[in-house]
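# Working through the structure, step by step
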Amino acid sequence: MLQIRTGMEEHLPVEVYASPKYDWFQMDEIRKGLKSGVDIEKYASPDIPFDVMRQIREGLEEGIDLSQAKNFKAGVLKELRIATRKKIDISQYIWQGYDEEQLEEIRIALENRIDIDPYISVDKRGAVIREIALGLAENLDVSCYSDEKMNWRQMRQIRIGLEKRLDVTAYKNALYSWQQMREIRLGLENGLDISKYNSFLYTASEMERRRLKLMDEAIQTAEEEKTEYNDFVLIVSSDEMEAHIVVSEVGIKIQKEYILNALQNQNIVYGIDEAMLDDIENNGANNEIIKIAQGTPATTGNDGWYEYLFDPDIKATPIILEDGAVDYQHVKWFEMVKAGQTVAYYHPAEPGKDGTKVTGEVIPGARGKEKPAIKGSGIKYHPTEFAYVAAVDGKIDAGDGRIDISEVLQLDDVTRSTGNVYFNGSIYVRGTIGDGVEVKAEKDILVDGFTESAALDAGGNIILKKGNNAGGRGYIRAGGNVIGRFFENTRVTAGGSIKADYCLKCIIRAENSIEIMNTNGMLAGGMIFAGERIECYSLGNAAGLATKVTVDRKKEQEAEMAKLEQKQKEIDKELQLLQNAYTDFQRKFTPEERNNNQMYIKLESAIYTKENEKKEVAEAQADLQEKMQRNRIAKVIAKGPVYESVLVNVNGAQWRSKRISNITLKDSDNKIFIYRNY
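Presented here is a report on the structure given in the accompanying data block. As the structure is a computational prediction, the values presented were derived from the model and not from experiment.

Cut-off values and rules
Residues numbered from 1 in each chain as written. Predicted model: local features only at pLDDT ≥ 70, side-chain atom pairs only at ≥ 80, totals over all residues. Heavy atoms only, no water. Helix = DSSP H or I, 4+ residues; strand = E, 2+ residues; numbered from the N terminus. Rg over C-alpha atoms; globule rule 2.2 N^0.38 Å. Buried < 20%, exposed > 50% of the residue type's maximum accessible area, 1.4 Å probe, protein only. Contact = heavy atoms within 4.5 Å. Areas by Shrake-Rupley, 256 points an atom, 1.4 Å probe, with all protein chains shown as cover. Expected span 1.5 Å × (residues − 1). Pairing = 2+ DSSP bridges. Axes fitted to C-alpha atoms, helices over the stretch in contact; angles between N-to-C directions. Salt bridge = Lys/Arg side-chain N within 4 Å of Asp/Glu carboxyl O. Disulfide = S-S within 2.5 Å.

### Thoughts on the overall build of the chain
- Summing up its helical and strand segments, the chain has 15 helices and 40 strands in all.
- Taking 2.2 N^0.38 as the reference for a compact globule, 678 residues should give roughly 26 Å; the C-alpha atoms of the chain span a radius of gyration of 35 Å, well beyond that estimate.
- Viewed in the frame of its principal axes, the chain has a C-alpha envelope of about 105 × 75 × 55 Å.
- Counting the 678 residues in the chain, one finds 45% classified as buried.
- Relative to all contacts within the chain whose residues are 6 or more apart in sequence, the contacts with residues 24 or more apart total 39%.
- Taken as a whole, the chain presents about 35700 Å² of accessible surface, with 48% of it coming from carbon and sulfur.

### Describing the environment of A524
- Take A524: it is sitting in strand β32 (residues 522–530).
- A524 sits 118 residues away from V642 along the chain, and the two C-alpha atoms are 10.0 Å apart.
- Beyond its immediate stretch of four places on either side in the chain, A524 contacts C503, L504, K505, G540, N541, L545 and T547.

### Overview of helix α13 (residues 554–588)
- The end-to-end C-alpha distance of α13, which contains 35 residues, comes to 51 Å, matching closely the 51 Å that a straight helix rising 1.5 Å per residue would cover.
- Of the positions making up α13, those classed as buried are Q557, M561, L564, Q568, I571, L575, L578, Y582 and F585.

### Regarding the sheet that holds strand β5 (residues 305–308)
- Spatially, the four strands line up as an open sheet ordered β5-β9-β14-β13, and their pairing is antiparallel. The sheet is open, and its two edges are formed by β5 and β13 (379–382), each paired on a single side. Adjacent strand axes in the sheet meet at a mean angle of 20 degrees, parallel and antiparallel pairs treated alike.
- Bridging between β13 and strand β14 (residues 387–390) involves four bridges; their strand directions are antiparallel.

### Here's the deal with the pattern of salt bridges
- One pass over the structure, following the stated rule, counts 49 salt bridges.
- Note that R107 and E111 form a salt bridge whose closest N and O atoms lie 2.5 Å from each other. Of this pair, R107 and E111 both sit in helix α6 (residues 100–111), four residues apart, which is roughly one turn of that helix.
- The buried category is assigned to R107, whose relative accessible area is 7%.
- The salt bridge involving E535 is made with R533; its shortest N-O contact spans 2.5 Å.
- Look at R533 and you get partly exposed, because its relative accessible area is 23%.

### Looking at the state of the cysteines
- Counted by the stated rule, this structure contains zero disulfides.
- Here C503 is not cross-linked by a disulfide; its sulfur's nearest cysteine counterpart is in C506, at 5.3 Å.

### What to know about the pairing of strand β40 (residues 671–676)
- Here strand β39 (residues 660–668) pairs with β40 via six bridges, running antiparallel. Paired with I663 across the strands is R676, a residue of β40.
- Hairpin connection from β39 to β40: two residues lie between these consecutive antiparallel strands, with D669 at a positive phi of about 55 degrees.

Here's what the structure looks like:
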């Protein structure tokens, strides 16, 4: 009744579904389809479960017809829908019988261009496929753990160990539970002697107890050992690295043999200062406290490091010359490599030198810390040579522990006669881009010549060495930064920052900053928006061209933070329910019974997925909090004249310009404050 009443309120033809042969879930899907205007005949049947209806409906709303696959389960249809939307073909895996959990992980791997096929089979659970894909994405030797005898949690412990360059052979055995593996891995990370607890006879809890005890022993310090003799007291330091004597009086002579016998009684055999003992015997003690033995400390070896065989620090930004002009031509914008070319070597951490205590006990030298494995795309890792090799010809980028090589399509000119260009790597146009064409790249777009009223769309950066005049028709959109000599009568959108010599009559939006780099650079006309900062020489022009400038993401970011906080609450609630069920299983069943129970296994996987979601949301909150902090110091800087007819908005506070120069505009308590630049 509720579905029928709601449909009538929405002025929909409810007679289509107002029948007792439909349950209310099915009615809901038909009503939503009617509301969105899709062809409900493709799924409005009592024989089709509501969740399958939902996937067909959502597919139709996205322009995808799944009605021919209505016999598949809803979860499979969902993955097919998402994959089709993202232009990924998973049909072969569906026909092979992979379930929805497996298909999701396969789809994600294919999205990231990971060759997962050699390592998967229908009998491998989705969580197992995920661990293999994560390892392949980080260039790890997944053959170390793609073992059918291991569950996904065991695989995860080995994968983490490989990421941290640990010797996983110490626990790469399916007979260890994942909890035991974890204890051994943590011991290796802390440089402990794992041989003291890595026996199969110990439970994970006992391993943890012994590991923590070893850590305590490593940091605890014992009291100095004191032994009294005639005329002196022998003191051995708590770490057994030094031995001293405290004589009864300065100047007293003590036989060398007597002191040596005392040292021998206390097992002091290394680093004895024979010359000092001779001096005490012949000339007397020259001080009350005298060091007579010194151990040799162990050293830590050099940490692992990467040697790059290319320039990893390309700035990709124009050069400001002494006269204030900006050079776009003599800048190294990117570097190209060939398939098979070695791009980096890893130099493993070196072992340290052993030390010796005064008791003669050897102190093992600590090995330096290993660097995490490089992540990325378009590269292959050769573990025997510690070398990273380009897998494709293309443009190489480095940063944040990654190396990415994207294929580059190189063209002379792009015009109506050559047609539109779509490429899943980067595009380099040596000539010009003419009117009315589309150029879309998954990575970057670099153009040596002019661009006219074209549509440029890049997932990465867009760099126009000579600039763009679109005549009010074209647009430029980049997921990263946009850099060009000038922009006139165009729309520019950047997920990062925008840099130019001047902008005239444009609609510009940058998530970060807009910088007019030329010392005489102008920003005039149109609508200009930045999330953090706008900086130019002159703002507006003498002709009074209407210019609206906004630096404001406050409300938008506050709304986004509220959504993240709500999502975190929902995840916490769901995670609590899963963990309660998980605890209930552990209480009611033995480990052997649990590990063969499919519901228990699914609970484990679901908890892991939710924990990852929670971590991702927390990271998003931290990132947004940092952006909000930067937003609090939002400002507009004009180093030259500010003309009339300029409207400035900073975090909601407005200021209509008057003729003034060399100022910075900031907000405080919803008012604009003007500061002189010095």
